Amino acid sequence: MAHEKGVGSSRNGRTSNPQYIGVKRYGGEKVAAGNILVRQRGTKFHAGRNVRRGNDDTLFALVDGVVKFEFRDKNRKKVSVYPAAESTAS
């Protein structure tokens, strides 16, 4: 029996690009409309107030504001964006 495989091109050379999945903006952070909040596979986080879900389940902000992670019910989490108070504008 052969001690090594026959000499030839490697069969393991293929690789795919990383997915860059995860939370992109954390609770308490200020975000602008259109900012991506969570990149995910499936709905680990659900869309809350002022947040929509893209075709690939990405959650993004609809308005400028502050991110808040909340519970939708006992088991499911949701991400909301609440408009920041404009009291600091001068």
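Residues numbered from 1 in each chain as written. Predicted model: local features only at pLDDT ≥ 70, side-chain atom pairs only at ≥ 80, totals over all residues. Heavy atoms only, no water.

Asks: Explain the sheet that holds strand β5 (residues 51–53) to me, please; I cannot follow it from the model alone.
Replies: Strands in a sheet are paired, the pairing made by backbone hydrogen bonds, and the direction either parallel or antiparallel. With respect to topology, four strands assemble into an open sheet ordered β1-β3-β6-β5, the strand pairing being antiparallel. The open sheet has two edge strands with one neighbour each: β1 (22–23) and β5. (Pairing = 2+ DSSP bridges. Helix = DSSP H or I, 4+ residues; strand = E, 2+ residues; numbered from the N terminus.)

Asks: Hey, could you run me through the pairing of strand β8 (residues 77–82) in this one?
Replies: On a regular strand, one side chain projects to one face of the sheet and the next to the other, so that they alternate. Bridge count for strand β4 (residues 45–47) against β8 is three bridges, and the pairing is parallel. Its bridge partner being in β8, F45 is matched across the sheet by K77. Both strand β7 (residues 65–71) and β8 contribute to a ladder of six bridges, which runs antiparallel. Within β8, the position partnered with V67 by the bridge is V81. Linking two consecutive strands that pair antiparallel, namely β7 and β8, is a turn of five residues.

Asks: Please clarify how the nonpolar core should be interpreted in this entry.
Replies: Soluble globular proteins: nonpolar side chains tend toward being buried together. Of all hydrophobic cores here, the largest spans ten residues; its members are V31, L37, V38, F45, V51, L59, A61, V67, V79 and V81. Excluding residues within four positions of it along the chain, V67 makes contact with R25, Y26, G27, G28, E29, V31, L37, V79 and S80. (Core = buried A, V, L, I, M, F, W, Y, C linked by side-chain atoms within 4.5 Å. Buried < 20%, exposed > 50% of the residue type's maximum accessible area, 1.4 Å probe, protein only. Contact = heavy atoms within 4.5 Å.)

All quantities given are derived from atomic positions and should not be read as evidence of function.
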